[in-house]
Amino acid sequence: MASGFLQSRDAGSWTPKQNKLFEKALALYDKDTPERWQNVAQAVGGKTAEEVKRHYEILIEDLKHIEAGRIPIPNYKSSDSSINGD
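The present account deals with the structure reproduced in this document. Every chain begins its residue count from 1, and numbering advances along the sequence as written. Owing to the predicted nature of the model, reporting of local features is limited to residues with pLDDT of at least 70; listing and counting of side-chain atom pairs is limited to 80 or more, with chain, interface and lining totals taken over all residues. Hydrogens are left out, water is left out, and the side-chain values use all remaining heavy atoms of the structure.

Okay, the overall build of the protein chain next. Strands here are runs of E lasting at least two residues and helices are runs of H or I lasting at least four, both read from the DSSP assignment and numbered beginning at the N terminus. Helix and strand counts for the protein chain stand at five helices and zero strands. From first element to last, N terminus to C terminus, the protein chain shows the α and β order α-α-α-α-α. Burial classification: accessible surface area is computed with a 1.4 Å probe over protein chains only, and a residue below 20% of its type maximum counts as buried, one above 50% as exposed, and the rest as partly exposed. By residue count, 23% of the 86 residues in the protein chain fall in the buried class. Residues count as neighbours in contact if any of their non-hydrogen atoms are within 4.5 Å of one another. Restricting to contacts in the protein chain with at least 6 residues of sequence separation, those with at least 24 account for 48%. Surface exposure here means Shrake-Rupley accessible area, sampled with a 1.4 Å probe, where a residue is shielded only by the protein chains that are shown. As displayed, the protein chain offers around 6300 Å² of accessible surface, 53% of which is attributable to carbon and sulfur atoms.

Below, the structure is given as structure tokens:
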């Protein structure tokens, strides 16, 4: 969620803690929850309902790009050879 693509288009800055709270709140308040975005904003703290809604829209847009193969999966290299099975 903290991709450069997302961050460069997001109007506000989101801390890793806020992103984690955002993810947990999305799991708690689904699309059928009344006043969903107000609840998510309250759970995150320091963000308005409009900001969390926009953050969600950007997340969904990013996911669509990833699933369509428009954003390459990073080639992470590990410094621990046991993880790679070497």
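So, on to the environment of Gln42. The residue Gln42 is located in helix H3 (residues 36-44) in this model. A sequence separation of 17 residues divides Gln42 from Ala25, and the C-alpha atoms of the two residues are 9.2 Å apart.

Note on aromatic pairs: the rings of Phe, Tyr and Trp (six-membered ring only in Trp) are paired at centre separations within 6.5 Å, and the planes decide the class, stacked below 30 degrees, edge-to-face beyond 60, tilted for the rest. Counted under the stated rule, the structure contains two aromatic pairs. Residues Trp14 and Phe22 carry aromatic rings whose centres are separated by 5.4 Å and whose planes lie at 70° to one another, so their mutual orientation is edge-to-face. Here Trp14 falls in the buried class, since its relative accessible area comes to 7%. Between Trp37 and Tyr56, the ring centres sit 5.1 Å apart and the planes meet at 45°, which makes this aromatic pair tilted. With Trp37 in helix H3 and Tyr56 in helix H4 (residues 49-67), the pair connects residues that are 19 residues apart, well separated along the chain. Here, over-ring charges are defined by two tests on the NZ atom of lysine or the CZ atom of arginine: distance to the ring centre within 6 Å, and angle to the ring normal within 35 degrees. The ring centre of Tyr56 lies 5.0 Å from the NZ or CZ of Arg36, which sits over that ring.

No statement about biological role is implied by the geometric values presented.
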